[in-house]
Amino acid sequence: MGLTIALVILALIVGIAIGFFGARRYMENYLRNNPPISADMLRTMMLQMGQKPSDKKLHQMMQTMKNQAKKANKK
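A brief structural summary. The structure displayed is predicted, hence computed values, not measured ones.

A tally of regular secondary structure across the protein chain gives three helices and zero strands. For the protein chain, buried positions account for 7% of its 75 residues. Looking at the protein chain as shown, the accessible area adds up to about 6800 Å², and 65% of this sits on carbon and sulfur atoms.

Now for a positive patch on the surface. A cluster of basic side chains, namely Lys66, Lys70, Lys71 and Lys74, defines a positive patch on the protein surface. On the secondary structure map, Lys71 appears in helix α3 (residues 55–74).

A word on the packing of aromatic side chains. Tallied over the full model, the rule gives two aromatic pairs. Look at Phe20 and Phe21: their rings are 5.1 Å apart centre to centre, the planes differ by 75°, and that puts the pair in the edge-to-face class. Summarising the aromatic geometry, the rings of Tyr26 and Tyr30 are spaced 6.4 Å apart at their centres and angled 25° between planes, so their arrangement reads as stacked. Taken together, the positions of Tyr26 and Tyr30, both in helix α1 (residues 2–33) and four residues apart, correspond to about one turn of that helix. Residue class for Tyr26 comes out exposed when judged on its relative accessible area of 53%. Given a relative accessible area of 39%, Tyr30 falls into the partly exposed group.

A word on the environment of Leu58. Within the secondary structure layout, Leu58 lies in helix α3. The buried category is assigned to Leu58, whose relative accessible area is 4%. As for Leu58 and Asp40, which are separated by 18 residues in sequence, their C-alpha atoms are 9.0 Å apart.

Glancing now at a nonpolar patch on the surface. On the surface, Leu3, Leu7, Leu10, Val14 and Ile18 cluster together into a nonpolar patch covering about 510 Å² of accessible area. By the secondary structure assignment, Ile18 is in helix α1.

On to the pattern of salt bridges. All told, the structure shown has three salt bridges when counted by the stated rule. Here Glu28 and Arg24 are joined by a salt bridge, their closest N and O atoms 3.5 Å apart. Of the two residues, Glu28 and Arg24 are both situated in helix α1; the distance of four residues between them amounts to about one turn of the helix. A salt bridge links Asp55 to Arg43; its shortest N-O distance comes to 3.3 Å.

What counts, and at which threshold
Residues numbered from 1 in each chain as written. Predicted model: local features only at pLDDT ≥ 70, side-chain atom pairs only at ≥ 80, totals over all residues. Heavy atoms only, no water. Helix = DSSP H or I, 4+ residues; strand = E, 2+ residues; numbered from the N terminus. Buried < 20%, exposed > 50% of the residue type's maximum accessible area, 1.4 Å probe, protein only. Areas by Shrake-Rupley, 256 points an atom, 1.4 Å probe, with all protein chains shown as cover. Patch = residues over 30% accessible without salt bridge, like charges linked within 9 Å, V, L, I, M, F, W, Y side chains within 5 Å. Salt bridge = Lys/Arg side-chain N within 4 Å of Asp/Glu carboxyl O. Lys, Arg positive; Asp, Glu negative; His and termini not counted. Charge placed at Lys NZ, Arg CZ, Asp CG, Glu CD. Phe/Tyr/Trp six-rings, centres within 6.5 Å; stacked < 30°, edge-to-face > 60°.

The analysis is restricted to geometry; functional conclusions fall outside its scope.
Set out below in structure tokens:
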């Protein structure tokens, strides 16, 4: 009886760990392949705010967002 309970608890812990890391890897791949904000979306947002976006400014904003994402991943 004690062995059965120990095996159930061990299986539960292993299942939770595998599920956590599997979900984490899936979300990292999903966000890498489908970034939340693209250059076209930034351009549209800037036009809606009344700004005329230049390619240089869009590139700077995209680089800033990528750098912030890298910093957030390191923490």
